[in-house]
Amino acid sequence: LTCLLFAKSDNSLDMSIYEDIMRAQMSQGNMGGSKMAHALGLDKKKSLKSDPDVKTKANVEFVIKSAQVYLSTDSNGLSDPYVIIRKTGALGKIARPLLKTPYCKETLAPQWDHIETVKMTLVNGFVTFAVELWDHDSIKDDYLGTATIDHHGAGEENVRLQIVNPAKEKIINATVTLSYRV
């Protein structure tokens, strides 16, 4: 692990986000030592876990625009795609769905323009979303793949995600275009 420290003109360390990252790495035993603790202003008496996570409530507006499916899952050469967005938690744990678009019948180029606002908790200003693409079927829906979005702070993003099914050799099965605002 490489660690970079940036010095301001007054020679004080500008740690902002880097300090949070280093604290997390040290608490997991990935880096440390007295020099690092001293650089961070920590001593051995101060517990790294004494700084609680800062949790803030936020409204996140999603606009699921469209997709392009490269892998048909239905016998007619088409799919009935829909998107599910989930918030991921610690250690990549996937939570219940935040939103689900309606499915678009018999197409490889669905257009949703689906707008939905969800309330959620951000931890230290960070949030990670899993964007899943599925094919609707009458018996059991087919999983096409997932992409993730890591977001920090407030703002709006427009993204085109490559949807990959990791169980199938990481082949790009589709792209999903969406925007979101925190």
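In short, a report on the structure. These numbers were taken from a predicted model, which means no experiment stands behind them. (Residues numbered from 1 in each chain as written. Predicted model: local features only at pLDDT ≥ 70, side-chain atom pairs only at ≥ 80, totals over all residues. Heavy atoms only, no water.)

Some words on the nonpolar core
Counting 29 residues, the largest nonpolar core has Phe62, Ile85, Phe129, Leu133 and Leu178 as its most contacted members. Elements represented by at least two residues in this core include exactly β3 (55–69), β4 (81–88), β5 (94–100), β6 (111–123), β7 (126–135), β8 (142–152), β9 (156–165) and β10 (171–181). The dominant element in this core, judged by the number of residues it contributes, is β3, at six residues. Ignoring sequence-local partners within four residues, the contact set of Leu178 consists of Val63, Ile64, Lys65, Val131, Ile149, Glu157, Asn158, Val159 and Leu161. (Core = buried A, V, L, I, M, F, W, Y, C linked by side-chain atoms within 4.5 Å. Buried < 20%, exposed > 50% of the residue type's maximum accessible area, 1.4 Å probe, protein only. Helix = DSSP H or I, 4+ residues; strand = E, 2+ residues; numbered from the N terminus. Contact = heavy atoms within 4.5 Å.)

Some words on the pairing of β9
One ladder, built from ten bridges, connects β9 with β10; its direction is antiparallel. Across the sheet, the residue bridging to Leu161 is Val176, located in β10. The antiparallel pairing of β9 with β10 creates a hairpin that spans five residues between the two strands, and Glu169 there sits at a positive phi of about 60 degrees. (Pairing = 2+ DSSP bridges.)

With respect to the packing of aromatic side chains
Using the criterion set out here, one finds four aromatic pairs in the structure. Aromatic side chains Phe129 and Tyr180 sit 5.9 Å apart centroid to centroid with 65 degrees between the ring planes, which places their arrangement in the edge-to-face category. With Phe129 in strand β7 and Tyr180 in strand β10, this residue pair connects regions lying 51 residues apart in the sequence. Of the two residues, Phe129 and Tyr180, neither departs from the other in class, the shared state being buried. Relative to Tyr143, the ring of Trp134 lies with its centre 5.2 Å away and its plane at 65 degrees, an arrangement referred to as edge-to-face. An aromatic cluster of three or more residues is present, and its members are Phe62, Phe129 and Tyr180. (Phe/Tyr/Trp six-rings, centres within 6.5 Å; stacked < 30°, edge-to-face > 60°.)

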